Amino acid sequence: MIVSETADKIKRMEIRGAGRIARAAAEALRDGALSSRAATTESFRMEMTQAADTLLATRPTAVSLPNAVHMVMAGIKKASTVEEAKAGIVTRADEFVTSSQHAVERIAAFGSRHIRDGDTIMTHCNSEVALACIVAAHREGKEIEVFATEVRPRNQGLITIKTLNDAGIKTNFIVDSAVRSFIHDVDLVVVGADAVTVNGAVVNKIGTSQVAHAAVEARVNVMVAAETYKFAPRTILGELIKIEERAGSEVLPDEIAKTLPNVTVRNPAFDVTPAEYVDLIVTEKGAIPPQMAYVIIRDYLGWEIGEFGDPLGGTGGLNGS
Ligand code: RUB
């Protein structure tokens, strides 16, 4: 798929969820590199930088996107011919996609250990990796039940309940505002992440912080499933994760909104759950308390990934290599 097509799909949320966005971006860079007709390394580099910028401009919150782009673009760095540069991009992209898929599998295996037989779990939004933990626990023969939220305004909960239903897991579908009414029936909250900051705060779908707050109040544990490439190195420098605010028409149709001139619809897509509300972050390298997020950034991303403004900036590689 050409880069602009992938970028449009990410913007329109046809491709959504932090992991899928990152893999789609890596694949788009690979396809872009393979179809490039650039004659010189310099023109190839410029073409790829433009492609990377197009992908980076799609959605601002999921850190998996810039991390994936940096890792793939690092393949150009030492190339002295177009062929070498192309091969560098293709190798890095394929490596990223494969390691991302393995990461989801490993997190499912680690995360399911924290789900006990008889547990009732609450999840919010549609996280591939959070659901992988839940489905793995079910496949291990644990009897579990799930409360899944609707997730206004884009209703990602519908995708979640389909996956849970297809896996044969007993599921309750609730509106977002019913979270606190049911939290006392729940043993564990399991959610995904779009970004994890150096101090262990978790950025995820809007409403996650309310779910976590209700869980803390009810003394219910909160487990976050997140691959290492969702950790945000730039937060070491004090940079804040940008929270995407989407069109008001996703919440209130324009025909109605225009009859209410004094009303502004606000539609932030994500919120920040502080580390104190999170008990455990499960990564493919193992489970950590949120306060140890800096270790993941230091040991597996390299401090320097994303410290530079241009997509060729980071060192790349899940080991910072
Ligand atoms: C998706 C969302 C998901 C995370 C993690 O938001 O908040 O919980 O991206 O997902 P949106 P995954 O629908 O706006 O992209 O585990 O699949 O990477």
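The coordinates are above.
Parameters and conventions
- Residues numbered from 1 in each chain as written.
- Predicted model: local features only at pLDDT ≥ 70, side-chain atom pairs only at ≥ 80, totals over all residues.
- Heavy atoms only, no water.
- Axes fitted to C-alpha atoms, helices over the stretch in contact; angles between N-to-C directions.
- Helix = DSSP H or I, 4+ residues; strand = E, 2+ residues; numbered from the N terminus.
- Parallel < 35°, antiparallel > 145°, perpendicular 65-115°, else oblique.
- Left-handed = near helix turned anticlockwise from the far one by under 90°.
- Contact = heavy atoms within 4.5 Å.
- Pairing = 2+ DSSP bridges.
- Buried < 20%, exposed > 50% of the residue type's maximum accessible area, 1.4 Å probe, protein only.
- Polar contact = N/O pair within 3.5 Å; in protein donor to acceptor, adjacent residues only side chain to side chain.
- Patch = residues over 30% accessible without salt bridge, like charges linked within 9 Å, V, L, I, M, F, W, Y side chains within 5 Å.
- Areas by Shrake-Rupley, 256 points an atom, 1.4 Å probe, with all protein chains shown as cover.
- Salt bridge = Lys/Arg side-chain N within 4 Å of Asp/Glu carboxyl O.
- Near = heavy atom within 4 Å.
- 1 Å grid on protein atoms, 1.4 Å probe; cavity = no way out; pocket = protein on both sides within 12 Å on 5 of 7 lines; lining within 4 Å.
- Sits in = over half its atoms within 2 Å of the grid points.
- Domains from an automatic or database assignment.

Concerning the packing of helix α1 (residues 3-11) against helix α2 (residues 18-35)
Phase 1 of the analysis: At a minimum axis distance of 9 Å, the contact between α1 and α2 shows a crossing angle of 165°. Between α1 and α2, the crossing angle belongs to the class labelled roughly antiparallel. For α1 against α2, the interelement crossing comes out left-handed. The residues of α2 that touch α1, namely those facing V3, T6 and I10, are I21, A24, A25, A28 and G32.

Side note on the sheet that holds strand β5 (residues 195-196)
Phase 1 of the analysis: One open sheet accounts for 3 strands, arranged β5-β6-β8; its pairing is antiparallel. Looking along the sheet, the strands with just one partner apiece sit at the ends: β5 and β8 (270-273).
Phase 2 of the analysis: Bridge analysis of β5 against strand β6 (residues 202-205) gives 2 bridges, and the strand direction is antiparallel. Note on β6: the bridge partner recorded for A195 is V203.
Phase 3 of the analysis: Running over the sheet, helix α9 (residues 208-217) touches β6 and β8 and is turned about 30° from β8.

Describing α9
Phase 1 of the analysis: For α9, the set of buried residues is T208, S209, V211, A212, A214 and A215.
Phase 2 of the analysis: Just downstream of α9 lies R219, where phi reads positive at about 55°.

Topic: the sheet that holds strand β7 (residues 221-225)
Two modes of strand pairing occur in sheets, parallel and antiparallel, and in both the strands are linked by backbone hydrogen bonds.
Phase 1 of the analysis: With mixed pairing, 7 strands are arranged side by side in an open sheet as β3-β2-β1-β4-β7-β9-β10. Each edge of the open sheet carries a strand with a single partner, namely β3 (170-174) and β10 (286-288). The sheet shows a mean angle of 25° between the axes of neighbouring strands, taken without regard to direction.
Phase 2 of the analysis: With 3 bridges connecting them, strand β9 (residues 280-283) and β10 associate as antiparallel partners. Along β10, the bridge assignment pairs I281 with I288.
Phase 3 of the analysis: Each of β1 (120-123), β2 (145-149), β4 (188-191) and β7 touches helix α6 (residues 128-139); the most contacted strand, β7, lies at about 115° to it.

So, the side chain of T228
Phase 1 of the analysis: Looking at where T228 falls in the secondary structure, it is placed in the loop between β7 and α10 (254-257).
Phase 2 of the analysis: Take T228: its relative accessible area is 0%, and that puts it in the buried class.
Phase 3 of the analysis: Of the polar contacts made by the side chain of T228, one reaches the side chain of E284; its length is 2.5 Å.

Considering a nonpolar patch on the surface
Phase 1 of the analysis: The grouping of I256, L260 and V263 at the surface amounts to a nonpolar patch, some 230 Å² of accessible area in total.
Phase 2 of the analysis: Judged by relative accessible area, V263 falls into the partly exposed class, the value being 46%.

Here's the deal with the site of the ligand
Phase 1 of the analysis: Around the ligand there are 18 residues in total, and R16, S127, N204, K205 and K230 lie nearest to it.
Phase 2 of the analysis: Between an oxygen atom of the ligand and a main-chain N or O atom of A18, the distance comes to 2.8 Å.
Phase 3 of the analysis: Interatomic distance of 2.8 Å between a side-chain N/O atom of D194 and an oxygen atom of the ligand.
Phase 4 of the analysis: Relative to its unbound accessible area of 460 Å², the ligand is 100% covered by the protein chains.
Phase 5 of the analysis: Put simply, the ligand lies in the largest cavity.
Phase 6 of the analysis: Among the elements of the structure, α2, α6 and β6 are those that each provide at least two residues to the shell around the ligand.
Phase 7 of the analysis: Formed jointly, the shell around the ligand draws a minimum of three residues from each of two domains, domain 1 (2-105 + 305-320) and domain 2 (109-300).

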